Amino acid sequence: MLDTIVVNVSNLCNFTCSRCPYDAPERARFMDKTMFEMLAAQARAASARRVRFLGLSEPTLHPFFPEFVALLKAQGVGTHVISNGSFVMTPQRREAIALALPDELEVSLDAASSQIYERIRGKSRDYFDLLCTRLESFFIEAKGRAVCTVSFVRWPDTEDELQVFEKRWRGIVDRVRIRGAHSFSGRVDVAEGEHPSNCPFLEDRIFVDWDGTISVCNLDNEGINRLGVISERYSIGDAWGHPRREAVVSAINSRNPDAQCVSCSRCASAP
């Protein structure tokens, strides 16, 4: 059953994180209003529980991001945003998002110290300190209007930061989420014979890129399993029943060693 539609509303990011395969594009691309309006209507028609703004980009950079959140809410579709939090550094953008809060706002920080943040996120130590101060203020203001979360992707070299991170944010946000290191479409080695099965990314969600292209999974960066493009004649519901999607799910569930996600680190195990 389709639960979550993952959408990438642009191809832009303002960070250069060392563990992300994002490359700055030659030209900025944004999902247009008409396309998003179709997505919102199709999400409701497919009885999707929520739309999650996520991708190799920063969703809050889209000029119509607050309007997109408001549109989904008007359609009765839940909203979950995963952001790097940089919107709090620009007063106008901060206020626009404060007026159109998603149901859940998750800020991915991945560090408790400015030294680690600078190394993995490519931003200065002063930037990190100011970001945390402004995020704390934003979370306090948003209390009761959105579920606020900070998340930390644990890697062996950041494990020492974990307890400090949890202590820093506990009581300020509603949730402190610890995520496993992820592979970005299967680029993490696994022990021989260890093949993932019953991946939640395949079982209950589908991905839509900024141009309306629908794919099996948002970690399919090579576009191996594209299912079509949103239009008045082709919907997310159609893509959900696409034979190619069903074949990928079947291959993973049967532990087929030739399946696309054979070496995925199962980052999708986090809710």
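Look up a bit, the structure's there.
For clarity, every value in this text was computed on a predicted model and none was experimentally measured.

The rules behind the values
- Residues numbered from 1 in each chain as written.
- Predicted model: local features only at pLDDT ≥ 70, side-chain atom pairs only at ≥ 80, totals over all residues.
- Heavy atoms only, no water.
- Salt bridge = Lys/Arg side-chain N within 4 Å of Asp/Glu carboxyl O.
- Helix = DSSP H or I, 4+ residues; strand = E, 2+ residues; numbered from the N terminus.
- Buried < 20%, exposed > 50% of the residue type's maximum accessible area, 1.4 Å probe, protein only.
- Polar contact = N/O pair within 3.5 Å; in protein donor to acceptor, adjacent residues only side chain to side chain.
- Contact = heavy atoms within 4.5 Å.
- Phe/Tyr/Trp six-rings, centres within 6.5 Å; stacked < 30°, edge-to-face > 60°.
- Lys NZ or Arg CZ within 6 Å of the ring centre and 35° of its normal.
- Pairing = 2+ DSSP bridges.
- Axes fitted to C-alpha atoms, helices over the stretch in contact; angles between N-to-C directions.
- Core = buried A, V, L, I, M, F, W, Y, C linked by side-chain atoms within 4.5 Å.

## Some thoughts on the pattern of salt bridges
Inference 1: One pass over the full model with this rule turns up 16 salt bridges.
Inference 2: With a shortest N-O distance of 2.7 Å, Asp3 and Arg49 are connected by a salt bridge. In this pair, Asp3 sits in the segment before strand 1 (4-7) while Arg49 sits in the loop between helix 1 (33-45) and strand 2 (50-53), placing the two residues 46 residues apart along the sequence.
Inference 3: For Asp3, a relative accessible area of 18% puts it in the buried group.

## Remarks on the side chain of Ser86
Inference 1: With respect to the helices and strands, Ser86 occurs in the loop between strand 3 (78-83) and helix 3 (91-99).
Inference 2: Using a relative accessible area of 3% as the deciding quantity, one classes Ser86 as buried.
Inference 3: Polar contacts involving the side chain of Ser86 include one to the side chain of Asn14, which spans 2.9 Å.
Inference 4: Side-chain polar atoms of Ser86 contact the side chain of Asn84, separated by 2.7 Å.
Inference 5: Once you skip the residues sitting within four places of it in the chain, Ser86 turns out to touch Asn14, Phe15, Glu58, Tyr127 and Leu131.

## Focus: the packing of aromatic side chains
Inference 1: Counted under the stated rule, the structure contains 9 aromatic pairs.
Inference 2: An aromatic cluster is built from Phe15, Tyr117, Tyr127 and Phe128, whose rings are joined through pairwise contacts.
Inference 3: Seen from the ring of Tyr127, Lys123 lies directly overhead, with NZ or CZ sitting 5.2 Å from the centre.
Inference 4: The ring of Trp169 has Arg168 lying over it, and the distance from NZ or CZ to the ring centre is 4.2 Å.

## Observations regarding the sheet that holds strand 9 (residues 226-229)
Inference 1: The strand order across the open sheet built from 9 strands is 6-5-4-3-2-1-7-8-9, with neighbouring strands paired in mixed fashion. Each edge of the open sheet is held by one strand with a lone partner, namely strand 6 (175-180) and strand 9. Between one strand axis and the next, the sheet turns through 25° on average, direction left out of account.
Inference 2: Pairing geometry for strand 3 and strand 4 (residues 104-108), over 4 bridges, is parallel. Bridged to Val81 within strand 4 is Leu105.
Inference 3: Set on the sheet, helix 1 makes contact with strand 1, strand 2 and strand 7 (205-208); between it and strand 2 the angle comes to about 140°.
Inference 4: Relative to strand 2, helix 2 (residues 65-74) is tilted by about 165°, and along the sheet it contacts strand 2 and strand 3.

## As for unusual backbone geometry
Inference 1: At Ser47, a residue that is not glycine, the phi angle is positive and equals roughly 60°.
Inference 2: Locating Ser47 in the fold gives a position in the loop between helix 1 and strand 2.
Inference 3: Of note in this structure, Asp110 is not a glycine but carries a positive phi near 65°.
Inference 4: Topologically, Asp110 is positioned in the loop between strand 4 and helix 4 (114-121).

## Quick look at the nonpolar core
In a soluble, globular protein the nonpolar side chains are often hidden away together inside.
Inference 1: The biggest cluster of nonpolar side chains holds 66 residues, and the ones touching the most others in it are Phe53, Phe138, Phe139 and Trp169.
Inference 2: If one sorts the elements of this core by residue count, helix 5 (residues 125-142) sits on top with 8 residues.
Inference 3: Among all residues touching Trp169, those that are not within four sequence positions of it are Leu109, Cys132, Leu135, Glu136, Phe139, Val150 and Val176.

## Here we look at the environment of Arg145
Inference 1: As for its placement among the helices and strands, Arg145 is situated in the loop between helix 5 and strand 5 (147-154).
Inference 2: Judged by relative accessible area, Arg145 falls into the partly exposed class, the value being 47%.
Inference 3: As a C-alpha pair, Arg145 and Glu104 span 41 residues in sequence and 9.2 Å in three-dimensional space.

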